[in-house]
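# Commentary on secondary and tertiary structure
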Amino acid sequence: MLTLAADIQVLARFGRALADPIRCRVLLALREAPAHPADLADTLEISRTRLSNHLACLRDCGLVVAVPVGRRTRYELADERLGHALDDLRTAVVAVETDKTCVDAEDKDCC
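Let me sum up the structure you'll find in this document. (Residues numbered from 1 in each chain as written. Predicted model: local features only at pLDDT ≥ 70, side-chain atom pairs only at ≥ 80, totals over all residues. Heavy atoms only, no water.)

## Some thoughts on the packing of helix H2 (residues 21-32) against helix H4 (residues 48-60)
Interaxial distance between H2 and H4 falls to 10 Å at its minimum, and their mutual angle equals 75°. Considering their axes alone, H2 and H4 lie roughly perpendicular with respect to each other. Here Ile 22, Arg 23, Val 26 and Leu 27 of H2 lie close against H4, whose contacting residues are Arg 50, Leu 51, His 54, Leu 55, Cys 57 and Leu 58. Partitioning the contact of H2 with H4 into residue classes produces seven nonpolar, one polar and two charged. (Axes fitted to C-alpha atoms, helices over the stretch in contact; angles between N-to-C directions. Helix = DSSP H or I, 4+ residues; strand = E, 2+ residues; numbered from the N terminus. Parallel < 35°, antiparallel > 145°, perpendicular 65-115°, else oblique. Contact = heavy atoms within 4.5 Å. Nonpolar A, V, L, I, M, F, W, Y, C, P; charged D, E, K, R; others polar.)

## Here we look at the nonpolar core
Core analysis: the biggest nonpolar cluster contains 22 residues, and Val 26, Leu 27, Leu 30, Leu 51, Leu 58, Leu 63 and Val 64 have the highest contact counts within it. Mapped onto this core, the elements with two or more residues apiece are helix H1 (5-18), H2, helix H3 (37-44), H4, strand S2 (72-77) and helix H5 (80-98). (Core = buried A, V, L, I, M, F, W, Y, C linked by side-chain atoms within 4.5 Å. Buried < 20%, exposed > 50% of the residue type's maximum accessible area, 1.4 Å probe, protein only.)

## Here's the deal with the pairing of S2
Direction of pairing for strand S1 (residues 64-69) relative to S2: antiparallel, over a ladder of six bridges. Considered in S2, the bridge of Val 69 is made with Arg 72. Remark: two residues form the turn of the hairpin made by S1 and S2, two consecutive strands paired antiparallel; Gly 70 in that turn has positive phi of roughly 65°. (Pairing = 2+ DSSP bridges.)

Okay, structure coming up:
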């Protein structure tokens, strides 16, 4: 059981980052390879302004870092373990999604 405030804050930041589909897409794209904002915006088919706001959130959450490359900035995951964590979460969600042991799932729309 998590009791340390710092542990709880870390998980809350991670949850905040994953709460938005665009931020999830950004994290998954960066899981594949570091990228410049213009390239990310094109890949994700969103405006650069909108992407900038999401990158700021992910930086504030401590999940991505901005790396200066000459006159440009490249973004990457702050730690390679985040890529593994994203993979683990994706596979865990798929496992739970296929587990239909909750008898109230359809009635309560909970699982």
